[in-house]
Amino acid sequence: MKIYLIDGNNLIGKIKSVQNIHQKTKNQSRQNLAKILDKYFSDKKVKVHLHFDGFENDPISSAKMKIIYSNNKSADSEIIKEIDNSKNPKLLVVVSSDSKINNYAKVNSCETIKSEDFAKLILKRKNISEEQIQKTIAENEIKKLFGVE
């Protein structure tokens with residue numbers, strides 16, 4: 001089974017509507033990204049590890065993914081550690097635009113996808129437009145404001 005290792009902050013920067021929210025509140029943009037990825041991977045038999053820099057503030061729920069915070073380290077170093085600890089790196093798909101991570105992944109026989117290409121793939125595959133993401137973000141903000149989940 002393939003395991004996707006996703007550099008979350010890097011991917012946020014490649015989806016315009018999520019990036020705009022990130023400038024206001026990091027946690028909300030992370031939640032929105034998790035929902036988008038849950039939808040994308042819902043019909044796939046894969047594991048997904050979504051990596052974020054820093055510490056967990058508000059928990060993010062996900063049906064499909066393991067969400068990993070780097071705490072005092074960088075998410076990049078945590079992704080590299082996962083590659084190093086993998087029994088079969090050929091099953092890993094690393095999603096990042098960081099050349100250091102992608103080069104390390106390639107040297108270790110991992111598949112790599114640049115974040116901008118993966119963002120296009122997500123939006124195209126699920127036929128999601130930036131406007132639909134904006135609508136979902138607005139709905140999530142309203143739900144949060146009124147304490148509805």
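Each remark here, short or long, concerns the structure printed above.
Residues numbered from 1 in each chain as written. Predicted model: local features only at pLDDT ≥ 70, side-chain atom pairs only at ≥ 80, totals over all residues. Heavy atoms only, no water.

Which residues make up the nonpolar core, and what values do they have?
Judged by nonpolar contacts, the single largest core of 26 residues is most densely connected at Tyr4, Ile6, Leu11, Leu33, Leu37, Phe41 and Phe118. Every element with two or more residues in this core is listed here: β1 (3-7), α1 (8-12), α3 (26-41), β2 (47-52), β3 (65-69), β4 (92-95) and α6 (115-125). Ranked by residue count, the leading element in this core is α3, at six residues. Not counting chain neighbours up to four residues away, the residues in contact with Leu33 comprise Gly8, Leu11, Ile12, Ile15, Val18, Leu50 and Phe52. In terms of nonpolar packing, the next biggest core, distinct from the first, is built from eight residues, Ile79, Leu92, Val94 and Ala105 among them. (Core = buried A, V, L, I, M, F, W, Y, C linked by side-chain atoms within 4.5 Å. Buried < 20%, exposed > 50% of the residue type's maximum accessible area, 1.4 Å probe, protein only. Helix = DSSP H or I, 4+ residues; strand = E, 2+ residues; numbered from the N terminus. Contact = heavy atoms within 4.5 Å.)

With reference to specific residues and values, describe the pattern of salt bridges.
Applying the stated criterion across every chain yields a total of four salt bridges. Linking Lys2 and Glu111 is a salt bridge whose minimum nitrogen-to-oxygen distance equals 3.0 Å. Placement of Lys2 in the segment before β1 and of Glu111 in strand β5 (residues 111-113) is noted, with a sequence separation of 109 residues between them. Assessed through its relative accessible area of 34%, Glu111 is described here as partly exposed. Note that Lys14 and Glu116 form a salt bridge whose closest N and O atoms lie 3.8 Å from each other. With a gap of 102 residues between them, Lys14 in the loop between α1 and α2 (16-22) and Glu116 in helix α6 connect regions that are remote in the sequence. Using a relative accessible area of 38% as the deciding quantity, one classes Lys14 as partly exposed. For Glu116, a relative accessible area of 28% puts it in the partly exposed group. Through salt bridges with shared partners, a single ionic network connects Lys73, Glu78 and Lys81. (Salt bridge = Lys/Arg side-chain N within 4 Å of Asp/Glu carboxyl O.)

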